[in-house]
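A structural walkthrough
The primary structure of each chain is shown beneath.
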Amino acid sequence: MVLKKSLVADGALLLVTLCWGLNFVVEKHVLSTMTPIMYLGFRFFLSAVIMIGIFHKRLKTITREDIEAGLVIGLFMLSGFLTQTVGLVYTTPAKSGFITGSNVVMVPFFAYMLSKRFPGVSQILGAIVTFCGLGLISISDNLTIAYGDMLTLLCAVCFALQITFTEYYMKKADPINVAIIQIALTGIVTLGAAVLLGPISLKVYSSEIWAAILFGVIFCTAGAFIVQNIAQRYTSSTHAAVILCTESVFAGLFSFLLGQEPLTFKAISGFVLILAGVLITELMPYKGQEPIKESADAVL
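Report on the accompanying structure. (Residues numbered from 1 in each chain as written. Predicted model: local features only at pLDDT ≥ 70, side-chain atom pairs only at ≥ 80, totals over all residues. Heavy atoms only, no water.)

**Remarks on the overall build of the chain**
- Along the chain, the regular secondary structure elements total twelve helices and zero strands.
- Shown N-terminal to C-terminal, the secondary structure of the chain runs as helices and strands in the order α-α-α-α-α-α-α-α-α-α-α-α.
- Its C-alpha atoms give the chain a radius of gyration of 18 Å, within 12% of the compact-globule value 19 Å for 300 residues.
- When its C-alpha atoms are laid out on the principal axes, the chain stretches across 50 × 45 × 40 Å. (Helix = DSSP H or I, 4+ residues; strand = E, 2+ residues; numbered from the N terminus. Rg over C-alpha atoms; globule rule 2.2 N^0.38 Å.)

Here's what the structure looks like:
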């Protein structure tokens with residue numbers, strides 16, 4: 001029975017990760033019609049409404065620590081999604097997925113600022129391998145880096161800081177309340193900015209665009225958070241970490257299959273190096289460290 005629950009949990013996490021990978025392609029399509037800020041506003045505001053509806057009783061126990069943690073971590077989350085989504089306008093879904101996934105190898109180095117525990121050999125090796133991969137996919141033949149890739153790399157930094165401060169604050173804050181605050185903050189700020197930048201006419205968007213937005217809301221944000229938190233009760237952190245890092249693989253696969261970009265030998269080599277670096281960091285944590293798990297509200 002325990003094994004069966006573990007397999008179901010792993011399957012659920014794999015499904016969530018598949019949705020995240022697919023959403024890079026789905027979102028790229030939406031951004032041809034809608035501005036990045038408006039897309040984020042709709043996605044996260046609706047996600048916040050769903051989560052508040054489900055966990056409203058939990059919010060009655062909210063504390064000052066929850067609010068502080070939610071606002072600090074939410075600021076990094078907001079910055080991460082803004083840079084990622086704007087960057088996706090100027091780069092490909094596969095590149096966006098793999099560059100975003102590199103945030104895992106940055107976490108031990110940012111964590112050093114709080115814990116004063118210097119990363120181990122495996123973290124340094126993982127970082128070197130990952131950044132070699134980033135160089136392969138991002139640096140052009142004339143040694144320049146595309147604007148979209150630069151923004152997405154900044155997004156990876158923001159998400160790494162989000163994960164780092166999440167670990168720090170979760171020692172004294174309620175994770176669900178903090179997640180709701182993060183998602184609500186991102187939704188309110190981006191939707192508010194979209195309204196200020198210009199009038200919003202809901203009628204101009206097709207049913208296909210709304211379906212894409214709802215896919216991001218249900219399967220990649222609110223639903224993903226709930227599924228991940230339930231699934232991780234029945235599977236190990238190592239299983240979860242390895243499954244979650246396949247998000248970039250699915251992003252590359254769907255981008256290729258749906259005609260978003262060709263997979264050249266250079267691109268594939270870069271993707272393999274990034275994935276290898278992430279796996280080195282995930283599967284060979286330094287002493288006393290658990291494998292790094294991205295929260296569902298920190299990714300697509």
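That covers the picture; the talk isn't over yet.
**Regarding the environment of Asn 23**
- Following the sequence through the fold, Asn 23 ends up in helix H1 (residues 2–30).
- For the pair formed by Asn 23 and Pro 93, sequence separation is 70 residues and the distance between their alpha carbons is 8.7 Å.

**Brief notes about the pattern of salt bridges**
- Taken as a whole and assessed by the stated rule, the structure comprises three salt bridges.
- Linking Asp 149 and Lys 95 is a salt bridge whose minimum nitrogen-to-oxygen distance equals 3.5 Å. Of this pair, Asp 149 sits in helix H7 (residues 147–169) while Lys 95 sits in helix H4 (residues 93–101); the two residues are 54 residues apart in sequence, bridging distant segments of the chain.
- Overall, Asp 149 belongs to the buried group, its relative accessible area being 2%. (Salt bridge = Lys/Arg side-chain N within 4 Å of Asp/Glu carboxyl O. Buried < 20%, exposed > 50% of the residue type's maximum accessible area, 1.4 Å probe, protein only.)

**Quick look at the state of the cysteines**
- In the structure shown here, the tally under the stated rule is zero disulfides.
- With no disulfide partner, Cys 155 has as its closest neighbouring cysteine sulfur the one in Cys 158, 7.0 Å distant.
- Under the relative-accessibility criterion, Cys 155 is labelled buried at 0%.
- As a non-bridged cysteine, Cys 220 has Cys 19 as the owner of its nearest cysteine sulfur, 5.4 Å distant. (Disulfide = S-S within 2.5 Å.)

**Digging into helix H12 (residues 265–283)**
- End to end, H12 covers 26 Å across 19 residues, agreeing with the expected 27 Å (1.5 Å per residue, within 8%).
- When H12 is considered as a whole, its buried residues turn out to be Ala 267, Gly 270, Phe 271, Ile 274, Gly 277, Val 278, Ile 280, Thr 281 and Glu 282. (Expected span 1.5 Å × (residues − 1).)

**Digging into the nonpolar core**
- Core analysis: the biggest nonpolar cluster contains 43 residues, and Met 34, Tyr 39, Phe 42, Met 51 and Ile 213 have the highest contact counts within it.
- Of all elements in the fold, only H1, helix H2 (36–59), helix H3 (64–90), H7, helix H8 (175–197), helix H9 (207–231) and helix H10 (237–244) reach the threshold of two or more residues within this core.
- In terms of residues, this core owes the most to one element, H9, which gives ten residues.
- Dropping the residues within four chain positions of it, Met 51 is found in contact with Ile 180, Ile 183, Ala 222 and Phe 225.
- Core analysis: the second largest hydrophobic core is formed by 17 residues, Ile 99, Ala 160, Ile 163 and Ile 274 among them. (Core = buried A, V, L, I, M, F, W, Y, C linked by side-chain atoms within 4.5 Å. Contact = heavy atoms within 4.5 Å.)

**Describing the environment of Asp 10**
- Looking at the secondary structure, you find Asp 10 in helix H1.
- For Asp 10, a relative accessible area of 13% puts it in the buried group.
- Taking the C-alpha atoms as reference, Asp 10 lies 9.2 Å from Ser 236; in sequence the two are 226 residues apart.
- In this structure Asp 10 touches Thr 235, His 239 and Ile 243, once residues within four positions along its chain are discounted.

**Comments concerning the packing of aromatic side chains**
- Enumeration over the complete set of coordinates arrives at ten aromatic pairs.
- Ring geometry for Tyr 90 against Tyr 147: centres 5.1 Å apart, planes inclined by 70 degrees, an arrangement best described as edge-to-face. Taken together, the residues span a long stretch of sequence, with Tyr 90 in helix H3 and Tyr 147 in helix H7 at a distance of 57 residues.
- Taking 4.2 Å as the distance between ring centres and 10 degrees as the angle between the ring planes, the aromatic pair formed by Phe 98 and Phe 271 counts as stacked. Here Phe 98 is found in helix H4, whereas its partner Phe 271 is found in helix H12, with 173 residues between them in sequence. (Phe/Tyr/Trp six-rings, centres within 6.5 Å; stacked < 30°, edge-to-face > 60°.)

**Some remarks on the packing of H4 against H7**
- Two elements in contact, H4 and H7, have axes separated by 8 Å at closest approach and are oriented at 35 degrees. Seen along the crossing, H4 lies across H7 with a hand that is right-handed. Of the residues in H7, those in contact with Lys 95, Ser 96, Ile 99 and Thr 100 of H4 are Asp 149, Thr 152, Leu 153, Cys 155, Ala 156 and Phe 159.
- A breakdown of the residues in the contact of H4 with H7 according to their chemical character gives five nonpolar, three polar and two charged. (Axes fitted to C-alpha atoms, helices over the stretch in contact; angles between N-to-C directions. Left-handed = near helix turned anticlockwise from the far one by under 90°. Nonpolar A, V, L, I, M, F, W, Y, C, P; charged D, E, K, R; others polar.)

**Notes on the environment of Phe 24**
- Its location among the elements puts Phe 24 in helix H1.
- A C-alpha to C-alpha distance of 9.3 Å links Phe 24 and Ser 248, two positions 224 residues apart in sequence.

**Some thoughts on helix H5 (residues 103–115)**
- Taking 1.5 Å per residue, 13 residues should reach 18 Å; H5 reaches 18 Å between its end C-alpha atoms and fits that length.
- Taken residue by residue, H5 has Asn 103, Val 104, Val 105, Met 106, Val 107, Pro 108 and Ala 111 as its buried positions.
- In this fold, the buried residues of H5 make contact with H4, helix H6 (121–138), H7 and H12.
- Once H5 ends, the next one or two residues include Lys 116, with phi positive near 60 degrees.

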